[in-house]
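# Secondary and tertiary structure notes
Chain residues, written in single-letter form:
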Amino acid sequence: MSPLITPEELIFDARHIWHPYSTTINRVDMFPVVGAEGVYLHLNDGRRVIDGMSSWWCMVHGYNHPEMNAALKRQIDDFSHVMFGGLTHKPAIDLAKKLVAMTPEPIQTVFFSDSGSVAVEVAIKMAMQYWISRDRPEKNKMLTVRGGYYGDTTGGMSVCDPDGGMHHWFTGILPQHYFVPRPECRFGEAFEEQHIADIQQLLDRQGNQLAGIIIEPVVQGAGGMYFYSPEYLVRLRQLCDEYEVLLIHDEIATGFGRTGKLFASEHAGIVPDIMCVGKALTGGYMTMAATLCSEQISRTISEHGPFMHGPTFMANPLACAAGNASLEILSRGDWQTQLTMIEKTLWDGLMPCSEMPSVANVRVLGGIGVVELKEPVVMSEIQPLFVEEGVWVRPFGKLVYVMPPYVISSEELKVLCNSICRVLHRVNRT
Ligand SMILES: *Cc1c(COP(=O)(O)O)cnc(C)c1O
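Residues numbered from 1 in each chain as written. Predicted model: local features only at pLDDT ≥ 70, side-chain atom pairs only at ≥ 80, totals over all residues. Heavy atoms only, no water.

### Thoughts on the pairing of strand S5 (residues 141-145)
- Among the 5 residues that make up S5, 4 are buried, leaving the element largely enclosed by the rest of the structure.
- Two strands pair when backbone bridges link them, and S5 and strand S7 (residues 210-215) are joined in this way by 4 bridges, in the parallel orientation. When the sheet's bridge partners are listed, Met142 is paired in S7 with Gly212.
- Relative to strand S6 (residues 178-180), S5 runs parallel, the two sharing 3 bridges. Across the sheet, Thr144 pairs through a bridge with Phe179, a residue of S6. (Buried < 20%, exposed > 50% of the residue type's maximum accessible area, 1.4 Å probe, protein only. Helix = DSSP H or I, 4+ residues; strand = E, 2+ residues; numbered from the N terminus. Pairing = 2+ DSSP bridges.)

### Focus on the sheet that holds strand S14 (residues 368-373)
- Spatially, the 3 strands line up as an open sheet ordered S13-S14-S16, and their pairing is antiparallel. Every other strand in the sheet has two partners, leaving strand S13 (359-365) and strand S16 (399-402) as the edge strands with one partner each. Each strand axis lies, on average, 10° off the axis of its neighbour in the sheet, ignoring direction.
- Pairing of S13 with S14 involves 6 bridges; the strand directions are antiparallel. When the sheet's bridge partners are listed, Val359 is paired in S14 with Leu373.
- Of the strands in this sheet, S13, S14 and S16 are in contact with helix H12 (residues 334-350), which crosses S13 at around 165°. (Axes fitted to C-alpha atoms, helices over the stretch in contact; angles between N-to-C directions. Contact = heavy atoms within 4.5 Å.)

### Some points on the site of the ligand
- Residues in close proximity to the ligand include Trp57, Ser115, Gly116, Ser117, Tyr149, Tyr150, Gly151, Glu216, Asp250, Ile252, Ala253 and Lys279, which together make up its full environment.
- Measuring from a nitrogen atom of the ligand, one finds a backbone N or O atom of Tyr149 at 3.5 Å.
- Contact between the ligand and Lys279: an oxygen atom at 2.6 Å from a side-chain N or O atom of the residue.
- The residue makeup of the shell around the ligand, split by class, is 5 nonpolar, 4 polar and 3 charged. (Near = heavy atom within 4 Å. Polar contact = N/O pair within 3.5 Å; in protein donor to acceptor, adjacent residues only side chain to side chain. Nonpolar A, V, L, I, M, F, W, Y, C, P; charged D, E, K, R; others polar.)

### Let's talk about the UniProt feature "modified residue: N6-(pyridoxal phosphate)lysine" (unreviewed entry) in the protein
- Within this structure's numbering, the places UniProt gives as "modified residue: N6-(pyridoxal phosphate)lysine" (unreviewed entry) are Lys279.
- Note that Lys279 resides in the loop between strand S11 (274-277) and strand S12 (289-294).
- Relative accessible area serves as the criterion here: at 28%, Lys279 is assigned to the partly exposed category.
- Setting aside residues up to four positions removed in sequence, Lys279 forms contacts with Trp56, Trp57, Cys58, Ile252, Ala253, Gly284 and Met288. (UniProt positions renumbered as here; feature names shortened; annotations may be inferred.)

### Details of a nonpolar patch on the surface
- Where nonpolar side chains cluster on the molecular surface, the patch consists of Trp169, Phe170 and Ile173 and spans about 380 Å² of accessible area.
- Structurally, Ile173 can be placed in the loop between helix H7 (167-170) and S6.
- Judged by relative accessible area, which is 57%, Ile173 ranks as exposed. (Patch = residues over 30% accessible without salt bridge, like charges linked within 9 Å, V, L, I, M, F, W, Y side chains within 5 Å. Areas by Shrake-Rupley, 256 points an atom, 1.4 Å probe, with all protein chains shown as cover. Salt bridge = Lys/Arg side-chain N within 4 Å of Asp/Glu carboxyl O.)

### As for the side chain of Asp13
- For Asp13, the position within the fold is in helix H1 (residues 7-16).
- Setting aside residues no more than four positions away along its own chain, Asp13 makes contact with His19, Arg27 and Met30.

### Side note on the sheet that holds S12
- Pairing is mixed across the open sheet formed by 7 strands, whose spatial order is S4-S12-S11-S10-S7-S5-S6. Only two strands of the sheet have a single partner each, and these edge strands are strand S4 (107-113) and S6. Along the sheet, successive strands turn relative to each other by an average axial angle of 20°, direction set aside.
- Contacting S4 and S12, helix H4 (residues 90-102) runs over the sheet at an angle of about 135° to S4.
- Together, S4, S5, S7, strand S10 (246-250), S11 and S12 form the strand contacts of helix H5 (residues 116-133), whose direction differs from that of S12 by roughly 25°.

### Here we look at the nonpolar core
- Phe112, Ile199, Tyr232, Phe256, Val371, Ile420 and Leu424 are the most contacted members of the largest nonpolar core, which totals 128 residues.
- Broken down by element, this core gets its largest block of residues, 11 residues, from H5.
- Each of domain 1 (66-332) and domain 2 (334-366) accounts for three or more of the residues forming this core.
- With residues up to four places along the chain from it excluded, the contact list for Phe256 reads Leu99, Met102, Leu262, Phe263, Val277, Gly278, Ala280, Leu281, Leu327, Leu330 and Tyr406. (Core = buried A, V, L, I, M, F, W, Y, C linked by side-chain atoms within 4.5 Å. Domains from an automatic or database assignment.)

### Comments concerning unusual backbone geometry
- The phi dihedral of Asn64 is positive, around 55°, even though this residue is not glycine.
- Its place among the elements puts Asn64 in the loop between helix H2 (54-57) and helix H3 (66-78).
- Among the residues examined, Asn64 registers a relative accessible area of 38% and is labelled partly exposed.
- The backbone of Phe256 shows a phi angle near 65°, a positive value even though the residue is not glycine.
- Among the secondary structure elements, Phe256 is positioned in the loop between S10 and S11.

### Observations regarding the domain arrangement of the protein
- Per the domain assignment, the segments of the protein are domain 1 (66-332) and domain 2 (334-366).
- Using only C-alpha atoms to locate each centre, domain 1 and domain 2 end up separated by 27 Å.
- Opposite the 16 residues of domain 1 that make contact, domain 2 presents 8 residues.
- Inspection of the region where domain 1 meets domain 2 yields 0 salt bridges.
- In this structure, the connection of domain 1 to domain 2 is made through 4 residue pairs in polar contact (both at pLDDT 80 or more).
- Each residue belonging to the side of domain 1 that touches domain 2 can be placed in one class, and the counts come to 8 nonpolar, 4 polar and 4 charged.

### Details of the UniProt feature "binding site: substrate" (unreviewed entry) in the protein
- As recorded in UniProt, the sites labelled "binding site: substrate" (unreviewed entry) are Trp56, Tyr149, Lys279, Gly310 and Arg394. For the annotated residues, spread through 339 residues, the largest C-alpha to C-alpha distance comes to 34.0 Å, inconsistent with a single compact locus.
- Counting through the fold element by element, Tyr149 comes out in the loop between S5 and helix H6 (154-157).
- Reaching out from Tyr149, the side chain makes a polar contact with the side chain of Asp152 at a distance of 2.6 Å.
- Summarising the element assignment, Gly310 is placed in the loop between helix H10 (295-303) and helix H11 (317-331).
- Of the residues examined, Gly310 reaches a relative accessible area of 56% and is grouped as exposed.

The following block contains the structure:
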């Protein structure tokens, strides 16, 4: 455990440190963490809380995992970083081998980067450079569905939901792309051809300007925790082939088992041309992401010159070591039984919430449980209530959701679900 945090340090934090989507004045207090073990976060005041968020969906094997820790310590003693321009190393080769083996057949090439947002930037650039290489530079627009979230950098922001996202602050500077409504047919509902009519029309009119369609397969994450029919993706794949548009899957949230399949695209049985992974890639230990593509794309680009991207910390060996250990743990397959238990326990545990008048919808898929409210939560009110209950749940807008570490026990998960039900009762009554 690290030393306790003093009140003075917390005041310094409030004044001098930006937190995600925060202000530096009139800020709500942060909860200081001094340690973490398994599914628990240890707070400054001695309490421990069950982490229902897997630290924004990445900490799938839990905190302080002995095998993960050992892999990182080994790599630190070898070397922590070398540039990736002109040099290569075993951690990167091993990780790329694993990724190529895990992903379906045409996916063959790996571009390592340092965060999910950058992986999306790389995917968009890759799609654009592909069409430039094919002498069709006019194909330089993206198409996406509303309700998406692809990261906070300019390229990612430009395809995030134009209403719910950050568009309204940055309209002037964002590249303009095309949007269609989010897939209407929810997961488990019957898909009808009319659900894809908007895309078909846009492809008819604008297909020759489109480099690619970018979409989060099956689950839209930070844009609304929305689950839609895999059939939609099957049709999308057909349309992309028909209109010569690349299909980009953002699996940063869904990849590595979260939806009950290793990759969410497996629900649809299709393969994208380009795919982004991140978050759980390193078991939450290090920041790292990757953009993978088919050999046809990497070869076409390369025949015309280098692909123009190269982060300083590309394929950082420590991050690769964490990735290798994390994928090694996944490859043993326990995640499948864990996810089956999590899915069932989430259904049983969260269903009672659906009776509450404040609740609009309860949904579960794999390791994702969502209680959608009719009104947005008041964060400053609800967050301390969760901590009082001994759980870490961080809602956004109308969404109270959990994405627990895969190693959570059914007892811990029941505690988590019961706490959500109790907190929602309490905020509803006051
Ligand atoms: C989190 C996320 C990103 C951005 O990843 P960062 O590592 O936060 O930059 C992009 N796409 C999806 C679907 C995500 O969930």
